[in-house]
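Below, each chain spelled out in residue letters.
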Amino acid sequence: MGENKRDFDKAAATWDENPARLALAQDVFTAISGKVSLTGNVHVLDFGCGTGLLTRQIAPLAASVTGADSSRGMLDALTAKAAAQGLDNVRTLLLDPDAGERLTGSYDVIVSNMTLHHIETIDALLEQFYACLTPGGRVCISDLDPDEGQFHGDSTGVFHPGFERQTLRRALEAAGFEDVSDTTAAEIMKPAANGEMRRFTVFLITGGRK
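Structural notes, computed from the coordinates. (Residues numbered from 1 in each chain as written. Predicted model: local features only at pLDDT ≥ 70, side-chain atom pairs only at ≥ 80, totals over all residues. Heavy atoms only, no water.)

Next up on the list: the pairing of strand S5 (residues 133-144). The buried fraction of S5 is high, at 10 of 12 residues. Pairing geometry for strand S4 (residues 107-113) and S5, over six bridges, is parallel. Bridge assignment links Tyr-107 to a residue of S5, and that residue is Leu-133. Viewed along the sheet, the connection from S4 through helix H5 (residues 122-132) into S5 turns out right-handed. Relative to strand S7 (residues 197-208), S5 runs antiparallel, the two being bridged by seven bridges. What sits directly across from Arg-138, in S7, is Gly-208. (Buried < 20%, exposed > 50% of the residue type's maximum accessible area, 1.4 Å probe, protein only. Helix = DSSP H or I, 4+ residues; strand = E, 2+ residues; numbered from the N terminus. Pairing = 2+ DSSP bridges. Right-handed = clockwise from strand over helix to strand, strands pointing away.)

Between H5 and helix H6 (residues 165-174), whose axes approach to 9 Å, the crossing angle comes to 50°. One finds that H5 runs oblique with respect to H6. Considering how the two elements wind past one another, H5 and H6 form a crossing that is right-handed. Between H5 and H6, the residues in contact are Ile-122, Asp-123 and Leu-126 and Leu-168, Ala-171 and Leu-172, respectively. (Axes fitted to C-alpha atoms, helices over the stretch in contact; angles between N-to-C directions. Parallel < 35°, antiparallel > 145°, perpendicular 65-115°, else oblique. Left-handed = near helix turned anticlockwise from the far one by under 90°. Contact = heavy atoms within 4.5 Å.)

Glancing now at the sheet that holds strand S1 (residues 43-47). Pairing is mixed across the open sheet formed by seven strands, whose spatial order is S3-S2-S1-S4-S5-S7-S6. Edge positions in the sheet fall to strand S3 (90-94) and strand S6 (178-191), since each of these pairs with one other strand and no more. Put simply, the sheet's adjacent strands are angled 15° from each other on average, direction ignored. Examined bridge by bridge, S6 and S7 share 11 bridges and lie antiparallel to one another. Bridged to Lys-190 within S7 is Arg-198. Across the sheet, H6 is in contact with S5, S6 and S7; its angle to S6 comes to roughly 140°.

Below you can see the structure in the form of structure tokens.
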């Protein structure tokens, strides 16, 4: 995630203590559940999983969930929390695409929540998502609408100040995805970087592989 990579290993210990972060994960899970089936013999990849706020909601429904992240600390937290919940179908994958590491494997659904803005080269990652999806598989990406750089108080490791939905839809289509659509998944009220309270919106964009 670049030279100014945020220390997510250090942040992992207290990551789940933010109520807004927990609420966002719940809202995104609800939005995803309304767009794709997560039940049965479905193998899911949660890219940029962090401590598994989304992973651990999906795991009771799916055959397996692989949580991929560039932070070993985050993955260790996910492993411990999944074990505490008795989730034996959760796997972890240490992966940093900005360091040139490529995603491999085969998945029926790929989800990624609030991670894309930390990835410098979006097009290459979307191509990897497409290559790793099974025929008929779906990708579900949630991230910020344009925020003028105000969402993060510390912009270390943030390459994109949100995304224009139309631009990201076109990028998905260029990577090969079909039936691409978007919806608003969540709203977050929080102090902006300038200190003022502001409402930020999080979209969910989905697309399929034929």
